[in-house]
4 protein chains.
Amino acid sequence: MKIKFFTTGGTIDKVYFDAKSEFAVGEPQVREVVENSNVGFEYEIESILRKDSLDITEQDRALVRQRVEAEPCSRIVVTHGTDTMIETAKALVGIPNKTIVLTGSMQPARFRVTDASFNIGAAIAAVQALPAGVYIAMNGRIFDPHKVRKNRAKNVFEATEFRAGDGMNSGRETE
Amino acid sequence: MKIKFFTTGGTIDKVYFDAKSEFAVGEPQVREVVENSNVGFEYEIESILRKDSLDITEQDRALVRQRVEAEPCSRIVVTHGTDTMIETAKALVGIPNKTIVLTGSMQPARFRVTDASFNIGAAIAAVQALPAGVYIAMNGRIFDPHKVRKNRAKNVFEATEFRAGDGMNSGRETE
Amino acid sequence: MKIKFFTTGGTIDKVYFDAKSEFAVGEPQVREVVENSNVGFEYEIESILRKDSLDITEQDRALVRQRVEAEPCSRIVVTHGTDTMIETAKALVGIPNKTIVLTGSMQPARFRVTDASFNIGAAIAAVQALPAGVYIAMNGRIFDPHKVRKNRAKNVFEATEFRAGDGMNSGRETE
Amino acid sequence: MKIKFFTTGGTIDKVYFDAKSEFAVGEPQVREVVENSNVGFEYEIESILRKDSLDITEQDRALVRQRVEAEPCSRIVVTHGTDTMIETAKALVGIPNKTIVLTGSMQPARFRVTDASFNIGAAIAAVQALPAGVYIAMNGRIFDPHKVRKNRAKNVFEATEFRAGDGMNSGRETE
């Protein structure tokens, strides 16, 4: 089994440069998470962008789509800032024969308390378990990009539709 | 969506008691992981055992099975020591209508560098995405309990069977 | 023994506000460091400013001096941003009968890898061990504010004068 | 300025070996603490023992004393388990012309929440600021080894004598 990680920046990759007294997007942090978790699969990590997700343009999204389409690996995890993760996910819909999962974090991976490892773990499980399609793995849930919003007040991704019995697993049922 | 967590001890829950200068199984650490990850689903956490997994007996396994069978929630994550996780997973096979995922960690959750958050994230995604059955989520992979072993030399869970094209996703294909 | 902590902001107190996708000075982090270290002395923590140290004005420094002068406790630790820590230290010179130690960190206290706990530990030892005067505790050293500079290229505080045998312990020898 | 670190084991150096499912004394952790704190002085780290401090014998203490006496560097930090740190400190009393500070931690340095960095920071400041003699730096305080005990119930080192005005700074006043 092999997973290809594409990174685009976002909070998950924010580091602190003291010389300039500023936080900015640094090296992809997914590498450290994956190494520290001693994963039992092959992987490659490739950086496409290093941006706050609010700065990602339609041109950037076209580039991400192009890279994902050209990628021979069929299991793809994209790390991304949370503010426009849903837009980028939508821009990836329709790529055939690939399971694509977007994730990121609300707190930088370098923090002592962060959701980065947890979210990457969830994305990796999702990209193996789910059929071809595009999904968002955030807050311990798996979402269909067309049925999710970021609730900024609560700082959490939530489903936009709820059904009796199971309001959540829309990603799976879409297929 | 709701997930029920059962805890049984193991490395993931090891804490350090300085007064006695010893490490031992403490409070379930899954609570802190889930709280720090700001999860967007309902959950309950219940401790069944607090043991090193080498000390878990057949009677203990019968107890775990009894609790899982009696549990109304259909998505269940069991945290467990890695040494006999496979045995306990096998003891849970055959419970109908429930997706049951076992996970744990190689390094205690309290460590600065640990696979605990990553593995719990993976288990949570797996328990949502997979059909009814019993699975092990370790090292970023999802295993069928009958097709996995713990490689002690490499300290990693690995599949016991490989097939052309995809040696891994046996859990899913078992269904 | 009692120590009074005054906080003014700086990198040490930088937290991440995801709702606004920005880092900014948050709650004083010295509280968590001191609590986690199970300290065996009385202390109080009081926030005077919450600023990047580049934004601290002469008026701000006058305020800090006023608070330190009015403080009945004779052992005082001031947490401060590193960029103008030396200027604030100089502004506190001449206050009688008080040992005043400034410290901060190059990496935010919330990071998994940070110099915050280490530096606060050093400042607390220095404020007990040294006679009345003003000192800077950074990079594991104790400096006289008139004989130190921040080397931005190396991101380290260093003595501006070296003497044979002991280039460092200017704080102690000043007395 | 140069500091020599001698390590003897203890909680601070406890790591987890999953293959054997046990915690044991591992590599000296002071190296990582010092590297992460970007210290501005020369240092050497040398391991003398790797023991729980309850297992340290009088012969071991004689060896530590021999090494400290033979060491040309005049500023020495010894990391040690907390249970018998006081005994080892007493065994080092009387070595001329050296400032010797013992420290350790109540929680292993590898833990996410630990007093290790804090205590090592304090020891490093103390070894610079204090005159020749033997001191214990624990819980943010500096103790004379003859006037301290480990309170096991509270898990804290505390002075055995208190005086009006300053019950604590016995290390300094001893001189």
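What comes next concerns the included structure. Residues take numbers from 1 onward in each chain, read along the sequence in its written order. Ligands are numbered from 1 and chains lettered from A, in the order in which they are written. Restriction of local features to residues with pLDDT of at least 70 applies here, the model being predicted, together with a cutoff of 80 or more for giving and counting side-chain atom pairs; totals for whole chains, interfaces and linings are based on all residues. Note that the side-chain values use all heavy atoms of the structure and ignore hydrogens as well as water.

A closer look at the relation of the copies chain B and chain A
What relates the two chain copies is a rotation about an axis together with a slide along it.
Then, number 1: Mapping chain B onto chain A leaves a residual RMSD of 0.0 Å; the transformation is a rotation of 180 degrees accompanied by 0.0 Å of translation along its axis. Here the symmetry operator amounts to a two-fold rotation axis.
Then, number 2: Throughout, a contact is declared for two residues whenever any of their heavy atoms are within 4.5 Å. In this assembly the copies share their binding face: 100% of the residues contributing to the interface of chain B also contribute to that of chain A. Superposition of the copies was done by least squares, using only C-alpha atoms of residues whose pLDDT is at least 70 in both.

What to know about the interface of chain B and chain A
Then, number 1: Contact with chain B, which involves 34 residues of that partner, is made by 34 residues of chain A.
Then, number 2: When two components associate, each loses some accessible surface as probed by a 1.4 Å sphere; the sum of these losses over both components is called the buried area. Summed over both partners, the interface of chain B with chain A buries about 2,800 Å², with 55% contributed by carbon and sulfur atoms.
Then, number 3: Summed over the three residues of chain B that lose the most area to chain A, namely F118, Q128 and A129 of chain B, the buried surface amounts to 21% of that side.
Then, number 4: The rule for a salt bridge is simple: a side-chain nitrogen of Lys or Arg has to be within 4 Å of a carboxyl oxygen of Asp or Glu. Summed over the shared surface of chain B and chain A, the result is 0 salt bridges.
Then, number 5: By the criterion applied in these results, polar contacts are pairs of N or O atoms within 3.5 Å in which, for protein atoms, one can donate a hydrogen and the other can accept it, and in which residues neighboring in sequence qualify only through two side-chain atoms. Counting the contacts that link chain B with chain A gives 12 residue pairs in polar contact (both at pLDDT 80 or more).

Here's the deal with the packing of helix α4 (residues 116-129) of chain A against helix α4 (residues 116-129) of chain B
Then, number 1: It is the contact of α4 of chain A with α4 of chain B, at a shortest axis distance of 6 Å, that shows an interaxial angle of 40 degrees. Classified by chirality, the crossing of α4 of chain B by α4 of chain A is right-handed. On the side of α4 of chain A, the interface is formed by S117, F118, I120, G121, A122, I124, A125, A126 and A129 of chain A, while α4 of chain B contributes S117, F118, I120, G121, A122, I124, A125, A126 and A129 of chain B.
Then, number 2: We call Asp, Glu, Lys and Arg charged. Ala, Val, Leu, Ile, Met, Phe, Trp, Tyr, Cys and Pro are nonpolar, and the rest, Gly among them, are polar. Among the residues forming the contact of α4 of chain A with α4 of chain B, the class breakdown is 14 nonpolar, 4 polar and no charged. In this analysis an axis means a line fitted to C-alpha atoms, helices contributing only their contacting stretch, and an angle means the value between N-to-C directions, from 0 to 180 degrees. Put simply, DSSP H or I for four residues or longer makes a helix, DSSP E for two residues or longer makes a strand, and each gets a number counted from the N terminus. We call a crossing left-handed when the near helix sits turned anticlockwise from the far one by less than a right angle, and right-handed when that turn is clockwise.

Digging into the sheet that holds strand β8 (residues 141-143) of chain C
Residues and elements named next belong to chain C.
Then, number 1: Any two strands with at least two DSSP bridges between them are considered paired. In spatial order, the strands read β4-β1-β5-β6-β7-β8; together these 6 strands make up an open sheet with mixed pairing. For this open sheet the edge positions go to β4 (42-51) and β8, each flanked by a neighbour on one side alone. Within the sheet, the average angular offset between the axes of one strand and its neighbour, ignoring direction, is 25 degrees.
Then, number 2: Note that strand β1 (residues 2-9) and β4 share 7 bridges and pair parallel. Bridge pairing links I3 to Y43 in β4.
Then, number 3: Across the sheet, helix α4 (residues 116-129) touches β1, β5 (75-79), β6 (99-103), β7 (133-138) and β8, and the angle it forms with β6 is around 170 degrees.

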